[in-house]
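Descriptive analysis of the structure
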Amino acid sequence: MRPIRHYLRLGTHAEKDYLLKLRDYFDGLFLNANLVESTSSSLAVFATTLGKPYVIDPITYAFALNPRLLMSQPKSGAAPQLRSTFASLIDRYQLPPDVIGGRPITTTDLASEGVWAPFVDAVRQYQADRLTEAIDGDAAFLTASSIDANLRLAPEMVIAAYFAEERGSYWSEFNRQSINRTLERAAQPVAAMLAYDSSRLSRTEVLSLATAYSQTNVEEIVVWPADLDEHLASSEELNAYADLVAVLASAGKRVIAGFGGFFALSLALRGLVGLSHGIGYGDKRDLQPVLGGGLPPARFYVRAIRDAVPMGDLALLSAKLDVDEFRRRVCDCTICGQLLDAGGVTGLVEAFTETEDRASARGITAVPTRRVYQMSRFHYVLNRIEEVSDLRQAESFNVVRDRLVEDADWVRVTLGSQPVEHIARWVAAADPSRAIGQ
Amino acid sequence: MIMFRRENGLQTALVMALRASGLRAIEEFPLLGSVADVFAIAPSGETAAYECKMSDWRRAISQARRHLPVCDRVYVVMPRRPYAVMPASSFVEGGVGLILVDEAGPSIVVPANSTTGYLIPELHARAVKQFGTRVATFSLVHS
Ligand SMILES: [Zn+2]
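Before going into details, it helps to say that this report is about the structure given with it. Predicted model, so just to flag it, every value in this text is computed and none were measured. (Residues numbered from 1 in each chain as written. Chains lettered and ligands numbered in written order. Predicted model: local features only at pLDDT ≥ 70, side-chain atom pairs only at ≥ 80, totals over all residues. Heavy atoms only, no water.)

The next subject is the overall build of chain B. When helices and strands are tallied, chain B shows four helices and six strands. A compact globule built from 143 residues should have a C-alpha radius of gyration of about 15 Å, and chain B, at 14 Å, falls within 12% of that. With the C-alpha coordinates aligned to their principal axes, the bounding extent of chain B is approximately 40 × 35 × 25 Å. Taken over 143 residues, chain B has a buried fraction of 48%. At a minimum sequence separation of 6, the contacts of chain B that also span at least 24 residues come to 53%. (Helix = DSSP H or I, 4+ residues; strand = E, 2+ residues; numbered from the N terminus. Rg over C-alpha atoms; globule rule 2.2 N^0.38 Å. Buried < 20%, exposed > 50% of the residue type's maximum accessible area, 1.4 Å probe, protein only. Contact = heavy atoms within 4.5 Å.)

As structure tokens, then:
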């Protein structure tokens, strides 16, 4: 069996229920430091209840972004303010407070060892202690069981303070020093986060990063090709990502995809050993957060193309299927299974396309019901759990490839070529027989 | 000479023409978790959904096809432009029709076949029922 660790990311507190219900089917929890900082007590209780190993992403890269992205926009027209969560992280990370808020942090700000070393130590310490500390500070939780809980609340590994790698190796020296110092001082296993802007770095530049990180002493590397959308990415980007994973793995590193969908998962055949993703729409994360925009439309994850499609496409795909064919071709997860049992294929499509009227500035609009969002998210995660299980057991890349191609051919007949175009790029990039750099 | 700069201009022109022909038609009708730009019911009871797009006919076809399970006919609606190449066969293969709109109004360029192959009768019935409710609500709000 191929070892693949499956981590789920908790994006908001509303997602806790999914993780609790699915707790037997995944291996660990990823948390972002901003969520930890804003609701540490509640997350500490949750992490204890869940009883899974967890990792905190310190999101230090955020302080090198335009500070406007870290600010809240008051509706009153008042000047934007640094969000209290980020202000609090700046304090806890011992970052120079005068810099942050006015401009992005630079390598010059962190040039002196008297500045960067305390920052790197504080980021490590934060991950090691923050949840335990939150429990200690929460008198209501100080019961006999919480003593055991405290013991279990240490993170599975700590991620060294990091910034996204850019053209010209702007942050490379800082990242290297941060990894080394964290390795020297951490009580837990250490991971490096290799974040890079996928659309801006050439394949050669990504390969240089792979070589550079191969030469560090860290064993665990979380890779985050920011801005890479697996379904839309060019062959060049996908090949670079696959090569990065292969080079790191061949250097003995344990590589985990920080955000990824099925393409990242298929890199298990090139040495990837872990995958982390969110509950809904969580296969990617951009460096710069997408602000506002409201709830995305509900979509249905179609495993045959390893992508989520509009509900109308689900109806189209299902229109000519009976229950058995639906189970075989589309989905047989617990959610779909129950809907099929209750109302057949039609009942399932009806349930996933249910809407309710809401008043909006444009008049009355129909939006998917809460139940639709819940069902489609459970269905998505259940499918991903199955996919991880399949990849763990897959005999060879050829088996994975043949299934992908056959599934895509089936979908193409009904939905046309556009929704399946990524499959050819994926199989070419993930193929272990493709030489690095080819 | 293009008189339509935005999709809602197309929608309005289409709705006016459909109503003038005796169909009941409304804009922005929720169908299968998304929205049909225009949805109409003929006196015969036959239903049709219309996907209005200013450009990108390929995308228009795939979006329009999502309505196939819930209505009898589906059309892509686009402004008539000189030199625009949109092969009729692509619309026929997609199971949708094409309507082009110019100063003289909308005209059917590629007739839509019946969607029988993809129609899910229960969902069709649900759409018709929702249409009735929408029309009633709309007239209540605007009376
Ligand atoms: Zn399912």
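We now examine helix H9 (residues 235-250) of chain A. Residues and elements named next belong to chain A. For H9, spanning 16 residues, the distance from its first C-alpha to its last is 22 Å, which sits close to the expected 22 Å at 1.5 Å a residue. Of all 16 residues that make up H9, twelve are buried, and the element is covered over most of its length. Gly252, located one to two residues past H9, shows a positive phi value of around 90 degrees. (Expected span 1.5 Å × (residues − 1).)

Around a metal, the ideal angle is 109.5 degrees if four donors adopt a tetrahedral arrangement and 90 or 180 degrees if six donors adopt an octahedral arrangement. Residue and element names in this part refer to chain A. Every protein donor of the zinc ion is accounted for by Cys331 (SG), Cys333 (SG), Cys336 (SG) and His379 (ND1), and the metal-donor separations fall at 2.1 to 2.3 Å. Considering all four donor atoms around the zinc ion, the spread of angles at the metal, 104 to 116 degrees, places the coordination shape in the tetrahedral class. In primary sequence terms, the donor set of the zinc ion follows C-x1-C-x2-C-x42-H. Cys336 matches Cys333 in its accessibility class, with the two residues each being buried. (Donors = N, O, S within 2.8 Å, 3.2 Å for Na, K, Ca; no water. Tetrahedral: all angles 85-135°; square planar, octahedral: opposite > 155°, others 65-115°.)

We now examine the pairing of strand E3 (residues 54-57) of chain A. Residue and element names in this part refer to chain A. A two-sided burial pattern is seen for E3, the buried positions comprising Tyr54 and Ile56 on one face and Val55 and Asp57 on the other. Inspection of the sheet shows strand E2 (residues 28-32) paired to E3 by four bridges, in the parallel sense. The residue bridging Leu31 from the neighbouring strand is Ile56, located in E3. (Pairing = 2+ DSSP bridges.)

This part is about the sheet that holds strand E8 (residues 220-226) of chain A. All names here are of chain A. Reading across from one edge, E3-E2-E1-E10-E9-E8-E7-E6 is the order of the eight strands in this open sheet, with parallel pairing throughout. The sheet is open, and its two edges are formed by E3 and strand E6 (158-159), each paired on a single side. Here three bridges tie strand E9 (residues 254-257) to strand E10 (residues 272-277), and the two strands are oriented parallel to one another. Paired with Ala257 across the strands is Leu275, a residue of E10.

On to the interface of chain A and chain B. Accessible area lost upon the coming together of the parts serves often as the stated size of an interface. Across the boundary between the two partners, chain A contributes 20 residues, which contact 16 residues of chain B. Of the roughly 1700 Å² buried where chain A meets chain B, counting both sides, 58% is carbon and sulfur surface. Broken down residue by residue, the surface that chain A buries against chain B is led by A:Leu316, A:Lys320 and A:Thr346, which jointly contribute 26%. Our enumeration of links across chain A and chain B arrives at two salt bridges. Two residues, B:Arg134 and A:Asp357, come together in a salt bridge whose shortest N-O distance is 2.3 Å. Between the two partners, chain A and chain B, sit five residue pairs in polar contact (both at pLDDT 80 or more). (Buried area = accessible area lost by both parts, 1.4 Å probe. Salt bridge = Lys/Arg side-chain N within 4 Å of Asp/Glu carboxyl O. Polar contact = N/O pair within 3.5 Å; in protein donor to acceptor, adjacent residues only side chain to side chain.)

Our next topic: the nonpolar core. One broad trend across soluble globular proteins is that nonpolar side chains are buried collectively. Residues A:Leu19, A:Phe63, A:Phe119, A:Tyr241, A:Phe326 and A:Phe352 are the most contacted members of the largest nonpolar core, which totals 183 residues. The element that contributes the greatest number of residues to this core is helix H14 (residues 370-393) of chain A, accounting for ten residues. A:Phe352 has contacts with A:Phe300, A:Met311, A:Leu314, A:Ile335, A:Cys336, A:Leu339, A:Val372, A:Met375 and A:Ser376, leaving out every residue within four places of it along the chain. Judged by nonpolar contacts, the second largest core, of 19 residues, contains B:Ala13, B:Leu23, B:Tyr75 and B:Val101. (Core = buried A, V, L, I, M, F, W, Y, C linked by side-chain atoms within 4.5 Å.)

Our focus in this paragraph is the environment of A:Phe86. Residues and elements named next belong to chain A. By secondary structure assignment, the location of Phe86 is in helix H4 (residues 84-92). Considered as a pair, Phe86 and Ala47 are 39 residues apart in the sequence and their alpha carbons are 22 Å apart. Aside from chain neighbours lying at most four places away, what touches Phe86 is Asn34, Ile59, Ala62, Phe63 and Leu70.

Our focus in this paragraph is the side chain of A:Ser198. All names here are of chain A. As for its placement among the helices and strands, Ser198 is situated in the loop between strand E7 (190-197) and helix H8 (203-214). Looking at Ser198, the relative accessible area reads 4%, which means it is buried. With near-sequence residues (within four places) excluded, Ser198 lies in contact with Pro225, Ala226, Leu228 and Glu237.

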